[in-house]
Amino acid sequence: MKAALNSGLLRRLGRQYFLFSLLLLIIGVVVNASLQANFFKPIALVGLLRTYLPLVLLAAGQTIVIIGGGIDLSVGSIVSMVNVILVTRMGAEATQSQVLTAVALGLLAGTLAGALNGACIAFLRFQPLVTTFATSSIFAGIAVWVLPRPGGSVPEFFMQPYRSAPLGITFPLWVILGVALVWWYLRSTRFGRYLYATGGDAYAAYMSAVPVEWIRFFSYVASGLMAALSGLLLTMSIGTGSALIGLDMTMPSIVSVVLGGTALSGGGGGVIGTILGVFILAIIRNIISFANVPSWWQTLVNGLAVMLILAGPGIWALIRGRREA
Amino acid sequence: MNEVSLSAQHLVKHYGGVVALADGNLEVNPGEVMTLVGANGSGKSTLGKIVTGVVAPDGGRLLLNDREVIFRTPHAARELGIVAVYQELSLVPRMTIAENIWLGHEWERAGGILRHAEMRQRTQELLALFEGTTHNHLDPDMPISALSPGEKQIVEILKALSWQPSVLFLDEATASLDSRQVNRLFDLIQDWKRQGMAIVFISHRLDEIYRIADRVTVLRNGRTVAAAPINELSKQELINLMIEGGVATRTNGKHLEVSTAEEILRVESLSTTTLRAINLVLRRGELVGLGGLQGQGQAELLLALFGAIPYSGQIYLYGRPVVLRRPQDAMRHQIAYVPGERNTAGLLPIQSILDNLLLPSWKHYGFPLRIRQAQADAMAIASGLKLVMANLDQPINTLSGGNAQKVVLGKWLLRRPQILLLDDPTKGVDVGTKSEFYKILSDLRAEGTSILFYSTDDEELLGLCDRVLVLHDGKITAELSGERLVHSELVAAAMGSST
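Residues numbered from 1 in each chain as written. Chains lettered and ligands numbered in written order. Predicted model: local features only at pLDDT ≥ 70, side-chain atom pairs only at ≥ 80, totals over all residues.

Caption draft 1: Summary view of the overall build of chain B. In terms of helices and strands, chain B carries 17 helices and 20 strands. By the compact-globule yardstick of 23 Å for 499 residues, chain B fits well, its C-alpha radius of gyration being 25 Å. Once the C-alpha set of chain B is aligned to its principal axes, its extents read approximately 75 × 55 × 45 Å. Looking at chain B residue by residue over its 499 residues, the buried ones come to 43%. (Helix = DSSP H or I, 4+ residues; strand = E, 2+ residues; numbered from the N terminus. Rg over C-alpha atoms; globule rule 2.2 N^0.38 Å. Buried ≥ 20, exposed ≤ 12 C-beta atoms within 10 Å, placed from the backbone.)

Now the structure itself:
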């Protein structure tokens, strides 16, 4: 009975798109634990979660766009834009209502940025890659205009929740749980089905009465909003502003999506895999820093991990095919 | 069920300067099966697309229960109960059977969450309609990509059914079904008829038409020429209605001596996923046509001979067996292939004429390239083809369709092919260019090139070819030559009829 249950569960797991990501993450954790004595100590794990939480949200938004058959190169610049808006609107002495206004403004800015991307790509039929590359310069420009020189600060009570642990569970885990729940909800609605259909075969989706253009539009709006939330969390985490802060986050967001088993061709994958993908990336960086090797190894290992994930299902099919033959 | 009668009156549709439909009429009533027949290019798919809202007509009107309606999208037609099972499948490969069937009209509960279990249950009921006719047991959670073409077609039919149609369009829906599945579908159609559904059945199989139809509408050259109860027309009368009275004029003299010329290509029991045991012989300087309705395996046959798709069976060149695994193998044996989709497979649109002409031949020009020699050769080909151009550096996308097609042909002529495989080369080409094209083909055969020529234009096959092999469902059903090479024989063979 128990064995049957186990094998059923295993078979279900075996069908998941993120199987290889999970295996890679486990291998990464084992390697990391052997190099870093205190890896499983709460302080190390919580530190890791806090560092990578903004990337989780950013990559989750990126996943939605990629499933819908697009790509968003502007997410990093949206993070920068939201960060400088929050910092310049607050200052260290801000009252609660000023903070709330700033947060609302930041989230609105991110959503509007996503809507601009979405409108150009869905309704004007611009190329996603080129469009979001261009708008990323625009958003980065706005960020520099708002805050030309890094600096500024935020009130203490604004940063406090980021280090809290409600019910004994650290704040980042709550957020990740929230992201996973929202994703589960989206997947269970019409929007989820339409998103996969649009990315899988836009013509077939159109023939099935799917509002393909609106789905594309909303995928970018969602990505913009997630980037704004990511910027919000980043600001809560570091408490200061810089117009360049999100610059290095765009590529990791895309790499995390791929590491999580979502194909860049669209129509497959999901956010759960992407969350795993972010932590694979985190573990790789951690291992590199603990293995005392030059940091350029990080790029190499990142690249190898991406190739492994891409080749994984193919190798699996090859092994399986040979066994059957 | 909502009983709906549909009437299309005097529909007109132009694509650019080409008239796809000049006067299309179609009427279907509840509880009846109307079939729509016509030769290639008669406008039957255009008519079907207008009635199901896929394309907008340029003229004419549509009546639903005597009220005029206008469909802007397929969805608008579906809302009124007119649902089509499309030939080009409208399924998303990565999604499951259940997800595809309910795509666009999912059942929701409060909060927008989908009623997954109920949809799955209903999917199971739908799949049960075809239970026992499929190789694998179909489960609602299977991804579409794991299904065979026939199983996909079944899902497509069930998807249309899930919209609870009043008028159901089946456009070549039986093409990829096996006989068991067709029988089941026909049983179901009888049930649906009794429930008051109106069914429009488009098929290229005459036998099926006579089995299932109540009435038949015949299209010819974009006009509805007849609509009558099926039992008032014999197969021969139906075929005569589909073709024009006039006899095609031959543009090439007959080469009776050809039949004794040296055998260049012999194909024995060649099979692919669509082709079944093809045998053929091509002699030196011969022009052999491939006919039949579209998509009966003609394109696959040419691709297999070019080594572009896997095949089983034996191919002999000059009496020696050869294996063609890749296009390079075929090219080494001086086989050239001119693809049908010239814009995607035949040309690099933003590159120059020179680059396009020389792409397959650069390796004959050394390293570094002897560019002047290349230009001279390209110029010779271009003038031989009477290419209308400013100079060789002009990009392809500034050329007309006919001229672009000449470039596709020209790039292979540089390699002096012994066997030329042509996939519908005159599609969308103007009349003047067509006749120049025919002249080029006769010059080539005079030089000893053997040509295998697939065309959807029956007149062209009749006028140009020494022999025509007619394909139907992946098999050669007739070889027409001499006195039998006439339009009525061609159409009869294309419809899979032995009359």
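Caption draft 2: Main features of the overall build of chain A. For chain A, the helix and strand inventory stands at 14 helices and zero strands. Taken over the C-alpha atoms alone, chain A extends approximately 70 × 55 × 40 Å along its principal axes. Counting all 325 residues of chain A, 46% fall into the buried class. Restricting the contact set of chain A to residue pairs at least 6 apart, pairs at least 24 apart contribute 79%. (Contact = placed C-beta atoms within 7 Å.)

Caption draft 3: Here's a closer look at the pairing of strand 1 (residues 6-15) of chain B. Residue and element names in this part refer to chain B. Pairing geometry for strand 1 and strand 2 (residues 18-28), over seven bridges, is antiparallel. Looking across to strand 2, one finds that Lys13 is bridged to Leu21. When strand 1 meets strand 4 (residues 59-64), the two strands line up antiparallel, connected through five bridges. Bridge pairing links Val12 to Gly59 in strand 4. (Pairing = 2+ DSSP bridges.)

Caption draft 4: Layout of the interface of chain A and chain B. Each partner contributes residues to the interface: chain A has 16 residues there, and chain B has 18 residues. Counting residues per element, the ones that place at least two in the side of chain A that touches chain B are helix 9 (190-200) and helix 10 (202-207) of chain A.

Caption draft 5: Representation of the packing of helix 3 (residues 42-67) of chain A against helix 11 (residues 212-238) of chain A in the model. Residues and elements named next belong to chain A. The geometry of helix 3 relative to helix 11 is characterised by a closest axis approach of 7 Å and an angle of 175° between their N-to-C directions. Classified by the angle their axes make, helix 3 and helix 11 are roughly antiparallel. Across the interface between the two elements, Arg50, Leu53, Pro54, Leu57, Leu58, Ala60, Gly61, Gln62, Ile64 and Val65 of helix 3 pack against Ser219, Tyr220, Ala222, Ser223, Met226, Ala227, Leu229, Ser230, Leu233, Leu234 and Ser237 of helix 11. Among the residues making up the contact of helix 3 with helix 11, the classes are represented as 14 nonpolar, six polar and one charged. (Axes fitted to C-alpha atoms, helices over the stretch in contact; angles between N-to-C directions. Parallel < 35°, antiparallel > 145°, perpendicular 65-115°, else oblique. Nonpolar A, V, L, I, M, F, W, Y, C, P; charged D, E, K, R; others polar.)

Caption draft 6: Representation of the domain arrangement of chain B. All names here are of chain B. Domains assigned within chain B are domain 1 (6-242) and domain 2 (256-494). Relative to domain 2, the C-alpha centre of domain 1 lies at a distance of 35 Å. Contacts between domain 1 and domain 2 engage seven residues on the former and seven residues on the latter. Grouping the amino acids of the side of domain 1 that touches domain 2 by side-chain chemistry returns three nonpolar, four polar and no charged. (Domains from an automatic or database assignment.)

Caption draft 7: Region of interest: the sheet that holds strand 17 (residues 419-423) of chain B. Residue and element names in this part refer to chain B. Across the sheet, six strands lie side by side as 16-17-18-13-19-20; this open sheet has mixed pairing. In this open sheet, the two edge strands, each paired with only one partner strand, are strand 16 (335-338) and strand 20 (475-481). In this sheet, adjacent strand axes meet at a mean angle of 20° when their direction is disregarded.

Caption draft 8: Region of interest: the sheet that holds strand 15 (residues 320-322) of chain B. All names here are of chain B. Read from one edge to the other, the open sheet built from four strands follows the order 12-11-14-15, with strand pairing classed as antiparallel. Of all strands in the sheet, those bounded by a partner on one side alone are strand 12 (278-283) and strand 15. Averaged over neighbouring strand pairs, the angle between their axes works out to 20° when direction is ignored. Of the pairings in the sheet, the one linking strand 11 (residues 263-271) to strand 12 comprises five bridges and is antiparallel in character. Residue pairing for strand 12: Leu265 is matched across the bridge by Leu282.

Caption draft 9: Representation of the nonpolar core. Counting 228 residues, the largest nonpolar core has A:Val56, A:Ile280, B:Val200, B:Leu302, B:Leu421, B:Phe453 and B:Val470 as its most contacted members. For this core, the domains that each give at least three residues are domain 1 (6-242) and domain 2 (256-494) of chain B. Not counting residues within four places of it along the chain, the set of residues in contact with B:Leu421 comprises B:Leu302, B:Leu305, B:Phe306, B:Ile335, B:Ala336, B:Tyr337, B:Val338 and B:Leu452. (Core = buried A, V, L, I, M, F, W, Y, C linked by C-beta atoms within 7 Å.)

Caption draft 10: Local environment of the packing of helix 5 (residues 96-123) of chain A against helix 11 of chain A. Residues and elements named next belong to chain A. One can describe the packing of helix 5 onto helix 11 by two numbers: an axis separation of 7 Å at closest approach and a directional angle of 150°. Considered as vectors, helix 5 and helix 11 are oriented roughly antiparallel to each other. In the packing of helix 5 onto helix 11, the handedness of the crossing is right-handed. Residues belonging to the contact of helix 5 with helix 11 are distributed by class as follows: 18 nonpolar, nine polar and two charged. (Left-handed = near helix turned anticlockwise from the far one by under 90°.)

Caption draft 11: Quick peek at helix 13 (residues 371-384) of chain B. Residues and elements named next belong to chain B. Along its 14 residues, helix 13 runs 20 Å from first to last C-alpha, staying within 8% of the 20 Å computed at 1.5 Å per residue. Restricting attention to buried positions, one finds in helix 13 the residues Ala374, Ala378, Ile381 and Ala382. The buried residues of helix 13 all sit within an arc of 100° when viewed along its axis, so they share a single face. Seen from the open side of helix 13, the exposed residues pointing more than 90 degrees away from its buried face are Arg372, Gln373, Ala376 and Ser383. Close packing links the buried residues of helix 13 with helix 12 (353-358) and helix 14 (401-413). (Expected span 1.5 Å × (residues − 1). Arc of directions from axis to C-beta.)

Caption draft 12: Main features of the environment of B:Arg184. Residues and elements named next belong to chain B. The residue Arg184 is located in helix 6 (residues 179-194) in this model. Overall, Arg184 belongs to the partly exposed group, with 18 C-beta atoms counted inside 10 Å. In this structure, the C-alpha to C-alpha distance between Arg184 and Thr133, residues 51 residues apart in sequence, is 7.7 Å. With near-sequence residues (within four places) excluded, Arg184 lies in contact with Phe130 and Thr133.

Caption draft 13: Focus on the confidence of the model for chain B. Residue and element names in this part refer to chain B. Taken over all residues, the pLDDT of chain B has a mean of 83, while the share at 70 or more is 92%. For the stretch residues 246-256, pLDDT sits under 50, and the model shows 14 contacts to residues farther than four places along the chain or on other chains. Predicted as a complex, the structure gets a pTM of 0.74 and an ipTM equal to 0.78. (pLDDT = per-residue confidence, 0-100.)

Caption draft 14: Geometry of the environment of B:Ala492. Residue and element names in this part refer to chain B. Position of Ala492 relative to the elements: it lies in helix 17 (residues 487-494). Take Ala492: there are 25 C-beta atoms within 10 Å of it, and that puts it in the buried class. Through-space distance from the C-alpha of Ala492 to that of Met242 is 9.8 Å; in sequence the pair is 250 residues apart.

Caption draft 15: Local environment of the environment of A:Gly200. Relative to the helices and strands, A:Gly200 is located in helix 9. Taking C-alpha positions, A:Gly200 is 5.9 Å from A:Gly266, a pair spaced 66 residues apart along the chain.

Caption draft 16: The arrangement of unusual backbone geometry in detail. Here A:Arg125, not a glycine, exhibits a phi torsion of approximately 60°, which is positive. Relative to the elements of secondary structure, A:Arg125 occurs in the loop between helix 5 and helix 6 (128-146). For A:Arg125, a count of 10 C-beta atoms within 10 Å puts it in the exposed group. Phi at B:Asn65 takes a positive value of approximately 45°, unusual for a residue other than glycine. Position of B:Asn65 relative to the elements: it lies in the loop between strand 4 and strand 5 (67-69).

Caption draft 17: Representation of the confidence of the model for chain A within the structure. Averaged over every residue, the pLDDT of chain A is 86; residues scoring 70 or more account for 91%. Averaged over each element, pLDDT in chain A is lowest for helix 1 (residues 2-15) of chain A (60) and highest for helix 11 of chain A (94).

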